[in-house]
Every structure is written in C-alpha cells, then in structure tokens.
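These are the residues of each chain, in order.
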Amino acid sequence: MIKILNLKKQYGERTVLNIPELTVNKGETVVVVGPNGSGKSTLLRILAGILSKTDGEVLADGEIYYMPQQSIPFSKSVKENILFSAKDSKEIEKRCDDILSELSLSHLANKKAKKLSGGECQRLALGRIIINQCDFLLLDEPTSAMDIEGTEIIESVIKKYKQETGCGILMTTHSPKQAKNLADRVIMLHEGQIAEQGSPDELLSNPQTNWGKKFIDMWKIDT
Ligand SMILES: Nc1ncnc2c1ncn2[C@@H]1O[C@H](COP(=O)(O)OP(=O)(O)OP(=O)(O)O)[C@@H](O)[C@H]1O
Ligand SMILES: [Mg+2]
C-alpha cells in the first residue's frame, strides 16, 4: 500500500498541500478530483519522488510508476520508445506489439515519436509505463489530450492493466464520467486539502460540504 501521513507542501508561506492521512491499497483505484491549482499534480509528484515534501511521511511497499500531466517522448520511434522503457526483455517484441495495438498506435509504430499529436503522445506515454509490471500506477490526467475514442481506449487499457497486475492506481481527472467509470474511491481536493472522499456514486451525487456541492454542480453542466 501507499500511505501518507501529515503530508505538507509549502512554497514560501503558502501551503499548497496538507493531507493528514491517505492510503491507497493494491487493487484499488483512487481518483483525485478538484479545480486547477488544488494540488492534484503536487500530490502525485511527491509520491513519484520527483518533488520534495515540506513535511510528513510517505510509505510505499511496492514499485511505483508515474505518468506526468505532460509527457515528453524520447527522440526515437514510437515502438522504440516503448521497448526502451521495458525493464524485462522476455517476450518483449510481442508485448510491445500488443500494447501498440491496444493503444491504437500500431500504424504509427515506426514514426518519430516527437512528431506525434498531443493525444497520440499521451497514449504512447501510457504504453511506456504498462510495458512493465508495477505495484502502483500514478496517472496525472491521463486523458487530458484525448478525443472521445482515445479516452475510451485509455480507460479500457487502464482497467485491463489493473485486472492483470492487481496494482493500485492513484489518478487525477477533470472528467466526472471518468471518475465514475474507473474509481473505487473518489477524493475531492480543495486548496490542497481533502474536502470529501467516498464512493463515486456517494460523492458525485450527494456531496456533503457546501464547497463540494458547488464543485459538483459545476461538473454537472459538463455531463
Ligand atoms: N514551483 C512552484 N512555486 C510556487 N507555487 C507552485 C509551484 N508549483 C506549483 N505551485 C502551485 O501549487 C498549486 C498546486 O499546483 P498543482 O499543479 O498541484 O495543481 P493541480 O491541482 O494539479 O492543477 P491542474 O488541474 O491545473 O493540473 C498551484 O496553485 C500552483 O500554482
Ligand atoms: Mg495538475
């Protein structure tokens, strides 16, 4: 599991993250929602070990893979990007071809990755991660650049990877539909703090706080 205790991130006097306690178990998908600047990426970046925390503890008993909000491909072909990211060489060609197919990238396999569109690049970023087995996936808005079909592809690939590996997932989204579709638990972040958390049905249809109600009302315009 990943366990967070009294986690704080400050920039100067400003606290952008303050989470007394949060646990993500293996086999569980936790979706973090909240407005721009609420601390979603900060949380994932600290857990991924690429941003230092100001205070608190992060405990993790497994290997963590992280897909940032904006991924930069290596200067290689699409297929080479995935092969290059693989830690294990066993049946690697076949696994790579399967992933390219699952992500609808087979036709672009030999294209330079730097020339991909934003949505294609995001699919490749996921491919570079799921070529490996891990205990926890951190996905920061994995479908932000996707059209409707691309979103469905990514969501089904995430579900399949979780089913096959039993990993735990902590991901962020601005899509209520995605939260409903993927989450076992939804966490609502507001100004760096957990405002509410619960099952997607509970939280999205019946928020408890005034702020949560306002946030969900704005979201409903979108559904
Ligand atoms: N290096 C920095 N110095 C000062 N403030 C920062 C720095 N990095 C991030 N912040 C602030 O921390 C807050 C949280 O940022 P974060 O990127 O975690 O938000 P977010 O919830 O991921 O937003 P978005 O939905 O736009 O991706 C923001 O107000 C941001 O301006
Ligand atoms: Mg973010």
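Structural notes, computed from the coordinates.

Thresholds, definitions, all that
- Residues numbered from 1 in each chain as written.
- Chains lettered and ligands numbered in written order.
- Predicted model: local features only at pLDDT ≥ 70, side-chain atom pairs only at ≥ 80, totals over all residues.
- Heavy atoms only, no water.
- Salt bridge = Lys/Arg side-chain N within 4 Å of Asp/Glu carboxyl O.
- Helix = DSSP H or I, 4+ residues; strand = E, 2+ residues; numbered from the N terminus.
- Buried < 20%, exposed > 50% of the residue type's maximum accessible area, 1.4 Å probe, protein only.
- Donors = N, O, S within 2.8 Å, 3.2 Å for Na, K, Ca; no water.
- Pairing = 2+ DSSP bridges.
- Axes fitted to C-alpha atoms, helices over the stretch in contact; angles between N-to-C directions.
- Contact = heavy atoms within 4.5 Å.
- Core = buried A, V, L, I, M, F, W, Y, C linked by side-chain atoms within 4.5 Å.
- Polar contact = N/O pair within 3.5 Å; in protein donor to acceptor, adjacent residues only side chain to side chain.

Glancing now at the pattern of salt bridges. Here the structure, examined in full by the defined rule, presents 10 salt bridges. Taking the shortest distance from any N to any O, the salt bridge between E21 and K3 comes out at 2.8 Å. Within this pair, whereas E21 is found in strand β2 (residues 14-24), its partner K3 is found in strand β1 (residues 2-11), the two being separated by 18 residues in sequence. The exposure class of E21 is partly exposed, given its relative accessible area of 38%. Given the relative accessible area of 23%, K3 is considered partly exposed.

A separate point is the coordination of the magnesium ion (ligand 2). Surrounding the magnesium ion (ligand 2) are the protein donor atoms S41 (OG) and Q69 (OE1), which sit 2.0 to 2.2 Å from the metal. Taken together, the positions of S41 in helix α1 (residues 40-48) and Q69 in the loop between β5 (64-67) and α2 (78-85) put the pair 28 residues apart, joining distant regions of the chain.

It is worth spelling out the sheet that holds strand β4 (residues 55-60) at this point. Strands sit in the order β2-β1-β4 across an open sheet of three strands; the sheet is antiparallel. Pairing within the sheet leaves two strands with one partner each, and these edge strands are β2 and β4. Along the sheet, successive strands turn relative to each other by an average axial angle of 20 degrees, direction set aside. Across nine bridges, β1 lies against β2 in antiparallel orientation. Looking across to β2, one finds that K8 is bridged to N18. Lying on the sheet, α1 is in contact with β1, β2 and β4; it crosses β1 at an angle near 115 degrees.

Within the largest apolar cluster, 46 residues are counted, with the highest numbers of intra-cluster contacts made by V33, L126, L137 and L139. No other element matches the six residues that helix α4 (residues 118-130) contributes to this core. The residues touching V33, leaving out its near neighbours within four places in the chain, are K40, T173, A179, V186, I187, M188, L189, F215 and W219. Membership of the second largest hydrophobic core comes to 20 residues, among which are I19, V24, L51 and L170.

Hairpin geometry of β1 and β2 is characterised by an intervening segment of two residues between the two adjacent antiparallel strands and by a positive phi of about 60 degrees at G12. Here β1 pairs with β4 via five bridges, running antiparallel. Paired with K3 across the bridge in β4 is L59.

In this section: the side chain of R128. Among the secondary structure elements, R128 is positioned in helix α4. Among the polar contacts listed, one links the side chain of R128 to the backbone oxygen of I72, at a separation of 3.3 Å. Ignoring any residue separated from it by four or fewer positions in sequence, one finds R128 in contact with S71, I72, P73, F74, N81, I82 and S85.

What follows covers the sheet that holds β5. As a general point, the strands of a sheet are linked pairwise by backbone hydrogen bonds and lie either parallel or antiparallel. The strand order across the open sheet formed by six strands is β5-β6-β7-β3-β8-β9, and the pairing between neighbours is mixed. The open sheet is flanked by β5 and β9 (193-198), the only strands paired with a single partner. Pairs of neighbouring strands in the sheet enclose a mean axial angle of 15 degrees, with direction left out of account. Across four bridges, the pairing between β5 and strand β6 (residues 136-140) is parallel. Among the inter-strand pairings, Y65 is bridged to a residue of β6, identified as L137. Strands β3 (29-33), β5, β6, β7 (168-172) and β8 (185-190) of the sheet are contacted by α1, whose axis makes an angle of about 145 degrees with β6. Sitting on the sheet, α4 touches β5 and β6, and the angle it makes with β5 is about 170 degrees.

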